[in-house]
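# Working through the structure, step by step
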Amino acid sequence: MKAIPNKMPIDPLDWPDRFPAKEHCSKCGLCETSFVTKVKDACAFLGPSMARIDDMEERVHGRNRNSSNITWSSSSSSSSSLSSGDDSSEPDEARFGVLHEPIWLAQGNRVQNAQWTGVVTGICLAMLESNQVDAVVCIASSSNTIGSNNFASPEPILARSTDDVLRGRGVKPALAPSLRVLDEIQNDPSIRRLLFCGVVCAVQAFRAIQSDLDLDEVYVIGTNCADNSPTSEAARNFILDGVQINPGSIDKVQGYEFMQDFQVHVKTSDSYITKPYFTLPGTIAEASIAKSCRKCFDYTNGLADIVVGYMGAPLVEKGGGVTRMDESSQTLTIRNKRGAKMAEIAQKASRLTIKGKAVGKGSHEKLASATVASDAIVMAMVGKSAIMAFGMTRLGPKGINFARYSIDYHILRNYLYTLKVEKGNEESARMKLPQNARDIVDHYQENDAEFANLISKI
Ligand code: SF4
Ligand code: SF4
């Protein structure tokens, strides 16, 4: 018997003022359902916030990540595993989370007009079409068209058919209210087996209330996630004022992404535009990132069964000359047996191709702290202005080491932001971070004078 919580949902039009996490609410959808009663224990931005991941990880995967498995590129480190910039550096669990298998490079098959090659959509289709699940929670465009509406109006749906799932391909979410369909799931007796797709903050909240849904089987696909737009309007302004595309082309935009070549890629129906992201005006960068995303410390989505991302995948493949986001491989992180089962079913259905192991090369630490020190958002907090622009495409870390750079940079930047929110109280700020994020902050604070200096200014 499913228990139905007894409290009125919050109207989405009241966002963010009447939502418990206020300006740091990521609009995950939970509070727009009767499950709002669980918000104190589920919200990724209240109380211990993302530090809850440390306790939830073992329950979800059967074990915690091995935090002592952490890779540093500097020889000054006392870590257990060192990378000196060769081309075979493999993922460490401290940053990438519980690994049931190596992280794979993968491409989706037979999905037209996806944001990338359709890995997430392909797995969802395979699970639904092989009758492994009764419904899939995914984000779709409200208009069912490819074009600007895809990043303008992300809406959660309970997909029950191939056509439903295909509505989710190519969607570039602003903040995505994936949990808004919880009451619909709760009240539908035909749903006993569910596949939930979501970004980190949505997956954390979903995991917290998952047992209340009293389902027979639950699968979770996560995506890597950082720096989403607070609103669809902010996303449009970013494309218009930051990337500065022709205003007449805005309705042709199908997607954009901050890519591994340190450029923003914008895909339109008739062109493909790139712009170095360190040349973007600081004011634009600040307005285009939601405040929730500056308190986010789980870029790699540690609580999902399987995770799809791109930051650890090479953008240009050997001999192929591939540079577009929709032609490049993505990374596939399998965290447990459910994740392995999903990948296997998708491969059997020819919806997914595994292309080999994800590896990396190049030093990442100095670049991570230098990016923080030059970041327009950080500079706005500590009162300087600087823009970093140099030949990082050639010199920067590649593959898994680019992912390390990006993970460390976001943790360091977001720690500074959280410290500011906590009025400089380091103990309060650190309580909001999972253990691996605390370890990374500690490493840079001890080994990088520039980062330690930024902390001292807050
Ligand atoms: Fe509620 Fe989700 Fe916002 Fe937290 S992030 S306040 S759980 S809607
Ligand atoms: Fe949520 Fe974090 Fe993604 Fe922002 S960056 S939408 S807070 S998972």
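None of the values given here were measured: they were computed from a predicted structure.

Below, the discussion takes up the site of ligand 1. Taken together, the neighbourhood of ligand 1 is formed by Phe19, Pro20, Ala21, Cys25, Ser26, Cys28, Gly29, Leu30, Cys31, Val39, Cys43 and Phe45. Grouping the amino acids of the shell around ligand 1 by side-chain chemistry returns 10 nonpolar, 2 polar and no charged.

On to the packing of aromatic side chains, then. Here the structure, examined in full by the defined rule, presents 10 aromatic pairs. Between the aromatic rings of Trp116 and Tyr310, the centroid separation amounts to 4.5 Å while the plane-to-plane angle is 25 degrees, which identifies the pairing as stacked. Separated by 194 residues along the polypeptide, Trp116 in the loop between β3 (104-108) and α4 (119-129) and Tyr310 in the loop between β11 (306-309) and β12 (330-334) bring together distant segments of the chain. Here Trp116 matches Tyr310 in class, with each residue buried. Geometrically, the ring pair formed by Phe262 and Phe402 is edge-to-face, given 5.3 Å between the ring centres and 75 degrees between the ring planes. On the criterion of sequence distance, the pair formed by Phe262 in the loop between β8 (253-258) and β9 (263-268) and Phe402 in helix α15 (residues 400-421) is long-range, its members being 140 residues apart. For Phe262, a relative accessible area of 5% corresponds to the buried category. Residue Phe402 is classed as buried on the basis of its relative accessible area of 4%. Members of the aromatic cluster, connected to one another through ring pairs, are Phe262, Phe402, Tyr405 and Tyr409. A cation over a ring is seen here: Lys27 above Trp15, with NZ or CZ 4.2 Å from the ring centre. Just above the ring of Trp72 sits the side chain of Arg95; from NZ or CZ to the centre is 4.6 Å.

Pairing within the open sheet is antiparallel, and its 3 strands lie in the order β8-β9-β10. At either margin of the open sheet sits one strand with a lone partner, and together these are β8 and β10 (272-276). Direction aside, the axes of adjacent strands within the sheet are offset by 15 degrees on average. Two elements, β9 and β10, share 5 bridges in a ladder whose sense is antiparallel. Directly across from Gln263, in β10, lies its bridge partner Pro276.

All right, on to helix α11 (residues 337-348) then. Between the first and last C-alpha of α11 there are 16 Å, a value that for 12 residues agrees with the 16 Å anticipated at 1.5 Å per step. For α11, the complete set of buried residues consists of Gly339, Ala340, Met342, Ala343, Ile345 and Ala346. In this fold, the buried residues of α11 make contact with α4, β6 (193-198), β7 (217-223), β11, β12 and β13 (352-357). N-cap assignment for α11: the residue whose side-chain oxygen lies 3.0 Å from the backbone N of Arg338 is Asn336.

Okay, the site of ligand 2 next. Neighbouring ligand 2 are Phe45, Leu175, Val199, Val200, Cys201, Cys225, Ala226, Asp227, Asn228, Ser292, Cys293 and Cys296. The residue makeup of the shell around ligand 2, split by class, is 9 nonpolar, 2 polar and 1 charged.

A separate point is the packing of helix α12 (residues 365-374) against helix α18 (residues 449-456). Packing of α12 against α18 leaves a shortest axis separation of 9 Å and a crossing angle of 35 degrees. Pair α12 / α18 crosses with left-handed handedness. In this structure, α12 uses Lys366, Val372 and Ala373 to contact α18, whose residues at the interface are Glu450, Phe451 and Leu454.

Another aspect to go through is the pattern of salt bridges. As enumerated under the stated definition, the model contains 25 salt bridges in all. Where Asp188 meets Arg160, a salt bridge forms, and the shortest distance between an N and an O atom there is 2.5 Å. Highlighted residues: Asp188 in the loop between α7 (182-186) and β6 and Arg160 in the loop between β5 (154-159) and α6 (162-166), separated in sequence by 28 residues. The exposure class of Asp188 is buried, given its relative accessible area of 17%.

Attention now moves to the sheet that holds β6. Read from one edge of the open sheet, 8 strands run β5-β4-β6-β7-β11-β12-β3-β13, paired in mixed fashion. Each having just a single partner strand, β5 and β13 make up the two edges of the open sheet. When the angles between neighbouring strand axes are averaged without regard to direction, this sheet yields 30 degrees. Strand direction decides the pairing type here: β6 and β7, joined by 6 bridges, are parallel. When the bridges of β7 are listed, Gly198 appears paired with Gly222. Sitting on the sheet, α4 is in contact with β3, β4 (135-141), β5, β6, β7, β11, β12 and β13, with an inclination near 165 degrees to β7. Where α11 meets the sheet, it contacts β6, β7, β11, β12 and β13, and its direction lies at approximately 80 degrees from that of β7.

Using the criterion set out here, one finds 0 disulfides in the structure. In this structure Cys138 is a free cysteine whose sulfur lies 5.8 Å from that of Cys197, the closest cysteine sulfur available. For Cys138, a relative accessible area of 7% corresponds to the buried category.

Rules of the game
Residues numbered from 1 in each chain as written. Chains lettered and ligands numbered in written order. Predicted model: local features only at pLDDT ≥ 70, side-chain atom pairs only at ≥ 80, totals over all residues. Heavy atoms only, no water. Near = heavy atom within 4 Å. Nonpolar A, V, L, I, M, F, W, Y, C, P; charged D, E, K, R; others polar. Phe/Tyr/Trp six-rings, centres within 6.5 Å; stacked < 30°, edge-to-face > 60°. Helix = DSSP H or I, 4+ residues; strand = E, 2+ residues; numbered from the N terminus. Buried < 20%, exposed > 50% of the residue type's maximum accessible area, 1.4 Å probe, protein only. Lys NZ or Arg CZ within 6 Å of the ring centre and 35° of its normal. Pairing = 2+ DSSP bridges. Axes fitted to C-alpha atoms, helices over the stretch in contact; angles between N-to-C directions. Expected span 1.5 Å × (residues − 1). Contact = heavy atoms within 4.5 Å. Polar contact = N/O pair within 3.5 Å; in protein donor to acceptor, adjacent residues only side chain to side chain. Left-handed = near helix turned anticlockwise from the far one by under 90°. Salt bridge = Lys/Arg side-chain N within 4 Å of Asp/Glu carboxyl O. Disulfide = S-S within 2.5 Å.

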